[in-house]
Amino acid sequence: MMRHKSMLILLLLLSFTLGYGVLATTARQNAHHGLIVSPPLEKAQKIYGSSGDRTDREKPVLLRHYSEGAPAPVHPILRWTRVDGAVMYDVQVLRQMEPDEKTGDIAYEPVMPEQRAYTNGIELALPDDFQDDCFYYRVYGLDMEGRRVSDYSSIEKVPLDRMAPFVEKPELLSAYNTGKGSVLLYPVYDWFPVPGASQYEVEVLDSAPENPGGVEPSQHRIDVYRTDSAQKYDPRPRYGNHPFYWRVRALDEQGGPIGVWSDAQPFLTDPDTPYTVAVLGDSISHGGGSVSYSPADWDFSYLSYLDFPAVNLAQSGDTSTMTKDRFDADVLPFRPKYLLILMGSNSLRNGLGADVVISDMEEVRKKSLKHGIRPVFLTVPPVNPDNIKRTFDDETAPDWQWQIGRVNRYIRSQVHIDITPGMYDSQGMLRTELAFDGLHLDPAGKKLMAQAINAAWPDIENLPDSAWDE
């Protein structure tokens, strides 16, 4: 009782100190029949602890800015920085209210329900009845359970140009050949979801399209995919000594186009490039994490943190047998000197057993040596069955720890790098802060992998040929 009384007195004092009337704010909320966003009151609540909110959390930083001289179209793209620990974001779209007559403080009211984004950006469709010449917005990050894991971003004004011609054209997220780790044998195509789209069509081309900004298929099309989500993992390896291109268009419920094709993006995975190091494995090597970030987000690729370049020959979803079976087709064209191998996680967690995985590893090792490639195994990281179940509703084999231990004992008998120090929690499971879904390591986990590899790599390069003898 004393605590509640003290808090009431504190809030009353606070209202006078800040020149902000709590009762006046309440009256304004009631008048507008909804939540009122009031930054001064939020700041006061954080300072004095009445909101239960932390004051030290990271917050998204807004990246795309519109101005009166360069206003937004009717479907603006909003972008912000990624927040560690966030698997999704909520966007508050706001209208500025009249300043408080007494204090001059500015508050905001929602224009529409909060908009959910599963990457650090969104294409926004404003309500049909919203006719203002600008809006305001802010963003915050959420975890798997929908709990806030970041502070709000700053509130930003977005001027609108309703008279400007607008044609729907998807904006791409993938950007290949931009630095270390950005060359994938199995590319992933992703883009911002288009409001109102029921499906998407992804076109893979062997040359730049002859009809940019059009709606018809290109004469250079070599593959086409349909997908319900704003992301497509290419199941085919794409390599050659010339660039490929990809683009996407949105489709309505009847399969008709919404707008036009996106800009076409080139990518090049050239086996004639003299790669000293190649990477082989499953999704842990392919990249991605935090549930919705793809391998084309380089923060989620351990290759981007290496001290040396490497070509990524991994494929998400591989079992150890699948990795072994595609060795000839996917590894040999690149003729690497070293092959970093991380395989078996999917097989072991699904109960396939260590015997199968070790046998597959042995075959990959022998094939590598037969073709003059030096295999370097990476130890298999732990998993977290509770987080896997919560994220994917997927069970993990009950003896996974024993089976991974058996595989890692085999790996330690070969030329290897132990990437697992720092990954285990007190129960021998993968630490949640390293992989929120229990399997795919997030940036903190990928950095741990790269640190271990970078530290060991000078010794690997100095090994004599005899280190790989039978």
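The structure presented is a predicted model; accordingly, all values stated were derived computationally and were not measured. (Residues numbered from 1 in each chain as written. Predicted model: local features only at pLDDT ≥ 70, side-chain atom pairs only at ≥ 80, totals over all residues. Heavy atoms only, no water.)

(A) Structural context of helix α9 (residues 385–392). The set of residues buried in α9 consists of Pro385, Asn387, Ile388 and Thr391. The buried residues of α9 occupy an angular sector of 160° when the element is viewed end-on, so they sit on one face. Among the residues trailing α9, Asp393 stands out with phi positive, at a value near 55°. (Buried < 20%, exposed > 50% of the residue type's maximum accessible area, 1.4 Å probe, protein only. Helix = DSSP H or I, 4+ residues; strand = E, 2+ residues; numbered from the N terminus. Arc of directions from axis to C-beta.)

(B) Spatial organisation of the side chain of Arg349. Looking at where Arg349 falls in the secondary structure, it is placed in helix α7 (residues 345–349). Judged by its relative accessible area of 12%, Arg349 falls in the buried class. For Arg349, the side chain forms a polar contact with the side chain of Asn346, separated by 3.3 Å. Those residues within four positions of Arg349 in sequence are excluded, and the remaining contacts are Ile388, Asp394, Glu395, Thr396, Ala397 and Leu439. (Polar contact = N/O pair within 3.5 Å; in protein donor to acceptor, adjacent residues only side chain to side chain. Contact = heavy atoms within 4.5 Å.)

(C) Structural detail: the sheet that holds strand β18 (residues 374–378). The five strands lie next to each other as β16-β15-β17-β18-β19, forming an open sheet whose pairing is parallel. Taken across any chain shown, the strands that pair with only one partner, and hence form the sheet edges, are β16 (311–312) and β19 (416–417). The sheet contact formed by strand β15 (residues 277–281) and β16 spans two bridges and is parallel. Among the inter-strand pairings, Val279 is bridged to a residue of β16, identified as Asn312. (Pairing = 2+ DSSP bridges.)

(D) Fine view of unusual backbone geometry. One non-glycine residue, Ser290, lies in positive phi territory at about 45°. Position of Ser290 among the secondary structure elements: in the loop between α4 (283–286) and β16. According to the relative accessible area criterion, Ser290 is buried, its value standing at 3%. Residues other than glycine seldom take positive phi values, yet Arg335 does so here, at roughly 45°. Note that Arg335 resides in the loop between α6 (327–330) and β17 (338–342). In this structure Arg335 comes out as exposed when scored by relative accessible area, which is 55%.

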